[in-house]
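If you want the building blocks of each chain, they are given just below.
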Amino acid sequence: MTTRLLSFRLNRSEERRGGRLTTRGLRCSLGRVVDLSSSGLRVIHSGFSPRGEGARTITIYADIGPIRVQARIVRRTRTGLFRQELGLEFVNLDPAMRQQLLAVFRSAMKNTSVADLAA
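Notes on the structure follow. (Residues numbered from 1 in each chain as written. Predicted model: local features only at pLDDT ≥ 70, side-chain atom pairs only at ≥ 80, totals over all residues. Heavy atoms only, no water.)

### Quick notes on the overall build of the protein
Now for step 1: When its secondary structure is counted, the protein shows two helices and eight strands.
Now for step 2: Along the protein, from the amino end to the carboxyl end, the secondary structure elements read β-β-β-β-β-β-β-β-α-α.
Now for step 3: Taken over 119 residues, the protein has a buried fraction of 40%.
Now for step 4: Put simply, 46% of the contacts in the protein that link residues at least 6 apart link residues at least 24 apart. (Helix = DSSP H or I, 4+ residues; strand = E, 2+ residues; numbered from the N terminus. Buried < 20%, exposed > 50% of the residue type's maximum accessible area, 1.4 Å probe, protein only. Contact = heavy atoms within 4.5 Å.)

### Points about the pattern of salt bridges
Pairing between side chains of opposite charge can happen when their charged atoms approach one another.
Now for step 1: All told, the structure shown has four salt bridges when counted by the stated rule.
Now for step 2: Arg42 serves as the salt-bridge partner of Glu85, at 3.1 Å between the closest nitrogen and oxygen. One end of the pair, Glu85, is in strand β8 (residues 83-91); the other, Arg42, is in strand β5 (residues 40-46), and 43 residues separate them in sequence.
Now for step 3: Taking relative accessible area as the criterion, Glu85 reaches 15% and is therefore assigned buried.
Now for step 4: One salt bridge in this structure joins Arg75 and Glu85, with 3.1 Å as the shortest N-O distance. Of this pair, Arg75 sits in strand β7 (residues 65-80) while Glu85 sits in strand β8; the two residues are 10 residues apart in sequence, bridging distant segments of the chain. (Salt bridge = Lys/Arg side-chain N within 4 Å of Asp/Glu carboxyl O.)

### Comments concerning the side chain of Glu85
Now for step 1: A polar atom in the side chain of Glu85 sits 3.1 Å from the side chain of Arg42.
Now for step 2: Other than its neighbours up to four places away in sequence, Glu85 contacts Arg42, Val43, Ile44, Arg75, Arg76, Thr77 and Thr79. (Polar contact = N/O pair within 3.5 Å; in protein donor to acceptor, adjacent residues only side chain to side chain.)

### Re the pairing of strand β6 (residues 56-62)
Now for step 1: Most of β6 is tucked away: five of the seven residues are buried.
Now for step 2: One ladder, built from two bridges, connects strand β3 (residues 27-28) with β6; its direction is antiparallel. Within β6, the residue paired with Cys28 across the bridge is Ile60.
Now for step 3: Judged from the seven bridges that link them, β6 and β7 form a sheet pairing that is antiparallel. Within β7, the position partnered with Ile58 by the bridge is Val69.
Now for step 4: Hairpin geometry of β6 and β7 is characterised by an intervening segment of two residues between the two adjacent antiparallel strands. (Pairing = 2+ DSSP bridges.)

### Some points on the pairing of strand β4 (residues 31-37)
Now for step 1: Counting buried positions along β4 yields six of seven residues, so the element is predominantly enclosed.
Now for step 2: As paired elements, β3 and β4 share two bridges and run antiparallel to each other. Paired with Arg27 across the bridge in β4 is Arg32.
Now for step 3: The loop that links β3 with its antiparallel partner β4 comprises two residues.

### Considering the side chain of Thr59
Now for step 1: With respect to the helices and strands, Thr59 occurs in strand β6.
Now for step 2: Ignoring any residue separated from it by four or fewer positions in sequence, one finds Thr59 in contact with Arg27, Cys28, Ser29, Pro66, Ile67 and Arg68.

### Some remarks on the nonpolar core
Now for step 1: In this structure, Leu41, Val69, Leu88 and Phe90 are the most contacted members of the largest nonpolar core, which totals 24 residues.
Now for step 2: Looking at which element gives the most residues to this core, the answer is helix α1 (residues 95-110), with five residues. (Core = buried A, V, L, I, M, F, W, Y, C linked by side-chain atoms within 4.5 Å.)

Here it is as structure tokens:
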């Protein structure tokens, strides 16, 4: 029986600077957050593709309240007609914003259910 404590994976072959936490029930202004790391997040976005390549303000709707961060889209993968997976990288994070993101990580870790542990 394999125990998956937090779905926290460190994979050096992937292009990221930190480990990634798989999330459940976390949303942001662009869609459902699939996973989250110290450097960015992966989102399933439905609807028309967000325009522009520069930094944009997104809101993460966490248990601790909404958090506004600056992020830029670094990857787009089309997964359906009006559906895509977006890779976003956080930009311009100050120490206070990093502390808020750490609180989101902690909140997401607490929301890991018993079913997740058994998977």
